[in-house]
Amino acid sequence: MAVVKIEDFDERTAFLGDYGHFQILIIVLLSLSVASCGYMGVIVVFVSDTPDHHCKVSINFTRNGTGVERASSWIGPDGCSRYKVTGNETERCVDGWEFSTERYSSTIVSEWDLVCENAWKVPFSTSLFFVGVLIGSLTSGHLSDRFGRKPVFFVALFLHAVAILIQATSIDWVMFCILSCVRGISQISIYVTSIVLGSEMLSQSARLSYTVMGHSVAFGLGYALLPLVAYFTRGWRMLLVAGAIPSLLFLPAWWVIPESPRWLLQKGRVKEAELVIRNAAKKNRVSAPEVIFTAGECLELNSEEEHTYTYLDLIRTPNMRNITILGVIIWFLVTMVYFGISLNTSNLHGNIYLNCFFSATIEIVASVATWLLVAHVPRPTLVSSAMIFCGILLLIIQLVPEDLPVMFQVLALVGKMGVSGAYTFIFVIFTELLPTVVRNMGLGVVSTAARIGSIICPFVIYAGVYNKILPYIIFGTISLMAAAFSMLLPDTRNSRLPDLICQAKPIRRYGILQLSEGNGFSPVRHNGCK
């Protein structure tokens, strides 16, 4: 089978326009598909929160030496020990704990006593979710590059819903952790594959609107829905069940969303790609050319160039190697800060439900602000500025007096605006930097690096038990490091989406972009580049 590449895909499909019925349908549907990712992405803020608790006592007593009476609601000097019946000595909570139901009817902490010597299980269960995300990042990219964006996307949706529903029936902590890992695999597969699928079907203008506004705002809306549902359910099991509903409802969209025509062309399935474009033209009520992809406009690779692309192709050429290395570093740093601040919501001063809602609102505001700036500011400058803004605010937190907790809260939430904008935009810039032939694999690799950062961040947050300011110092420093590396990225404004590895752009040197020939592509000539 001949592998076919279209060097001027955007020009060949320009007759479709930017925002016809087809494009709007794709933007709306694929954006809605990630609402459940926003909802489930930080659900541990409520599911794994630790309510107020104290030791159970087999005999109620008061320590006044006058006999046994009903004790107050808090027994012992802390939540991990209790006073003995006589004297000032303490003992472990041998009879278990009693948890407050003022905020929650139950969490995994109260159900399985994950406190004191078992408190480590809470950040560990969160990290296992991100281990699943890491696995999904590695596997989904390769699978979707091999079998197609659409089947991987819908299988992930189905797996996501099933994993959530089974997890809601967990009988112990081990079962919960295993299903958290499975849920992570499916969730990142939905998120990344939906970005790639939409980006490869849309023009540059519509692609930006979809990725920055549609995709990210829908994620933020799902995030904002979480505290609302949590407030009315109060139990962790029903909170999970509610998160499975959007994925189940989205499955019938299989008959509406087509496969990526770019991927079909890359696999040599020209007739199928043409059918997708012609159906899009019908929806947009425009006339399609009699022949969309002709032999003269397609580049048939010779037998030497016909090969299955692998992860090694991400480092085979200097430009691809530089982009991949920078991607790994930047995604690791940005994601660690993003999830670190997001998951630390429960430790902020004030109402946890309002704090989570404000955090989600900031997510949406950051997406809108990024969309407004994206056409006017170089891509690397936008990411770098956002991370500098975040880093400075997080480092300033250590100067806030302890008697001003509201100021502490404001700085943390406003700082999140910067990293939220950067987190949204790194998907855009790397989708535009990575060629079609390895795009999903490339996003999988950099996303895997990101998940290593998210696996670590729960334990950085846990360090806040000993020093409340320490996590913010760490995250602030990491933000500034991410800003420095981001300035080395090439700018992809007004550039075509690359199809071939030889079209990868060179990185900047000391923040100065190296010039490349026409249309933003590298002058390197091989693998079919003329």
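Quantities reported herein were computed from a predicted structural model and do not represent experimental measurements.

1. Quick look at the overall build of the protein chain
A count of helical and extended segments in the protein chain gives 18 helices and 6 strands. Of the roughly 21700 Å² of accessible surface on the protein chain, 64% is carried by carbon and sulfur atoms.

2. Remarks on the packing of aromatic side chains
Within the structure shown, the criterion is met by 22 aromatic pairs. Summarising the aromatic geometry, the rings of F124 and W173 are spaced 6.0 Å apart at their centres and angled 40° between planes, so their arrangement reads as tilted. Placement of the pair is F124 in helix α6 (residues 121-147) and W173 in helix α8 (residues 173-199), with a sequence separation of 49 residues. We classify W173 as buried; its relative accessible area is 13%.

3. With respect to the environment of Y423
Position of Y423 relative to the elements: it lies in helix α16 (residues 405-433). Overall, the relative accessible area of 5% leaves Y423 in the buried class. When the C-alpha atoms of Y423 and F339 are compared, they prove to be 9.9 Å apart, with 84 residues separating the residues in sequence.

4. So, unusual backbone geometry
Of note in this structure, D113 is not a glycine but carries a positive phi near 55°. Mapping D113 onto the fold places it in the loop between α5 (108-112) and α6. Residue class for D113 comes out partly exposed when judged on its relative accessible area of 26%. The phi angle at C116 is positive, at roughly 60°, despite the residue not being glycine. If you trace the backbone, C116 turns up in the loop between α5 and α6.

5. Concerning empty space enclosed by the protein
By the definition in use, this model includes 6 cavities of 30 Å³ or more. Taken as a whole, the largest cavity holds about 130 Å³ of empty space. Lining the largest cavity we find C37, G41, F129, F130, V133, Q187, I188, Y191, F219, F339, Y423 and R451. Listing elements by their share of the lining of the largest cavity, those giving two or more residues are α3 (35-41), α6 and α8. When the residues that make up the lining of the largest cavity are grouped by side-chain class, the tally is 9 nonpolar, 2 polar and 1 charged.

6. Points about the pattern of salt bridges
Applying the stated criterion across every chain yields a total of 7 salt bridges. With its nearest N and O atoms 3.4 Å apart, the salt bridge here joins R103 to D49. Of this pair, R103 sits in the loop between β5 (97-99) and α5 while D49 sits in the loop between α4 (44-47) and β2 (53-55), and the two are 54 residues apart along the sequence. Judged by its relative accessible area of 36%, R103 falls in the partly exposed class. Taking relative accessible area as the criterion, D49 reaches 10% and is therefore assigned buried. Where K416 meets E363, a salt bridge forms, and the shortest distance between an N and an O atom there is 2.5 Å. You can see K416 sitting in helix α16 and its partner E363 sitting in helix α14 (residues 352-373), a full 53 residues away along the chain. Taking the relative accessible area as the measure of exposure, K416 reaches 0% and is therefore buried.

7. What about α16?
Under the 1.5 Å per step criterion, the end-to-end length of α16 is 42 Å for 29 residues, consistent within 8% with the ideal 42 Å. The largest bend in α16 is about 25°, located at F425. Among the 29 residues in α16, 23 count as buried, and that is most of the element.

8. Quick notes on the layout of surface pockets
A probe matching the size of a water molecule, rolled over the atoms, marks out where space remains unfilled. In this structure, the second largest pocket occupies an estimated 290 Å³ of space. Taken together, 19 residues make up the lining of the second largest pocket; nearest its centre are K150, I257, P258, E259 and V276. When contributions to the lining of the second largest pocket are tallied by element, the ones reaching two or more residues are α7 (149-167), α11 (261-266) and α12 (270-284). The dominant element in the lining of the second largest pocket, judged by the number of residues it contributes, is α12, at 6 residues.

9. Examining the side chain of K416
Among the polar contacts made by the side chain of K416, one reaches the side chain of E363 at a distance of 2.5 Å. In this structure, K416 is in contact with Y223, Y338, I341, S342, S359, I362 and E363, ignoring residues within four places of it in sequence.

10. Observations regarding the environment of T90
Here T90 lies in strand β4 (residues 90-92). Considering only alpha carbons, one finds T90 and C80, 10 residues apart in sequence, at a separation of 9.8 Å.

11. Let's talk about the packing of α14 against α16
Where α14 meets α16, the closest approach of the two axes is 8 Å, and the angle between their N-to-C directions is 45°. Taken together, the axes of α14 and α16 are oblique relative to one another. Regarding α14 and α16, the two cross each other, and that crossing is right-handed. Of α16, the residues touching α14 (which contributes N355, F358, S359, I362, E363, V365, A366, S367 and T370) are Q409, L413, V414, K416, M417, S420, G421, T424 and F425. Looking at the contact of α14 with α16 residue by residue, the class counts come to 8 nonpolar, 8 polar and 2 charged.

12. Some remarks on the nonpolar core
Counting 142 residues, the largest nonpolar core has F46, L239, I257, V334, I426 and F430 as its most contacted members. Not counting chain neighbours up to four residues away, the residues in contact with I257 comprise L29, L30, K150, F153, F154, L197, M201 and F250.

13. Re the confidence of the model for the protein chain
Averaged over all residues, the pLDDT of the protein chain is 79; the fraction at 70 or higher stands at 84%. Averaged over each element, pLDDT in the protein chain is lowest for strand β6 (residues 298-300) (47) and highest for α7 (93). Throughout residues 299-305 the model reports pLDDT below 50, and contacts reaching past four residues in sequence, or to other chains, amount to 16 contacts. Predicted confidence is poor over residues 511-528, with pLDDT under 50, and the contacts of this stretch with residues over four places away or in other chains come to 45 contacts.

14. Section: the packing of helix α15 (residues 379-396) against helix α18 (residues 470-486)
Between α15 and α18, whose axes approach to 8 Å, the crossing angle comes to 160°. One element, α15, and the other, α18, form an angle in the roughly antiparallel class. By crossing handedness, the relation of α15 to α18 is classed as left-handed. Facing α15, whose interface residues are P380, V383, S384, M387, I388, C390, G391, I392, L394 and L395, α18 presents Y472, I473, F475, G476, T477, S479, L480, A482, A483 and S486. Per-class residue counts for the contact of α15 with α18 are 14 nonpolar, 6 polar and no charged.

The rules we used
Residues numbered from 1 in each chain as written. Predicted model: local features only at pLDDT ≥ 70, side-chain atom pairs only at ≥ 80, totals over all residues. Heavy atoms only, no water. Helix = DSSP H or I, 4+ residues; strand = E, 2+ residues; numbered from the N terminus. Areas by Shrake-Rupley, 256 points an atom, 1.4 Å probe, with all protein chains shown as cover. Phe/Tyr/Trp six-rings, centres within 6.5 Å; stacked < 30°, edge-to-face > 60°. Buried < 20%, exposed > 50% of the residue type's maximum accessible area, 1.4 Å probe, protein only. 1 Å grid on protein atoms, 1.4 Å probe; cavity = no way out; pocket = protein on both sides within 12 Å on 5 of 7 lines; lining within 4 Å. Points joined across faces, edges and corners; volume = space filled by probe spheres on them. Nonpolar A, V, L, I, M, F, W, Y, C, P; charged D, E, K, R; others polar. Salt bridge = Lys/Arg side-chain N within 4 Å of Asp/Glu carboxyl O. Expected span 1.5 Å × (residues − 1). Bend = angle between axes of the 7 residues up to and from the residue. Polar contact = N/O pair within 3.5 Å; in protein donor to acceptor, adjacent residues only side chain to side chain. Contact = heavy atoms within 4.5 Å. Axes fitted to C-alpha atoms, helices over the stretch in contact; angles between N-to-C directions. Parallel < 35°, antiparallel > 145°, perpendicular 65-115°, else oblique. Left-handed = near helix turned anticlockwise from the far one by under 90°. Core = buried A, V, L, I, M, F, W, Y, C linked by side-chain atoms within 4.5 Å. pLDDT = per-residue confidence, 0-100.

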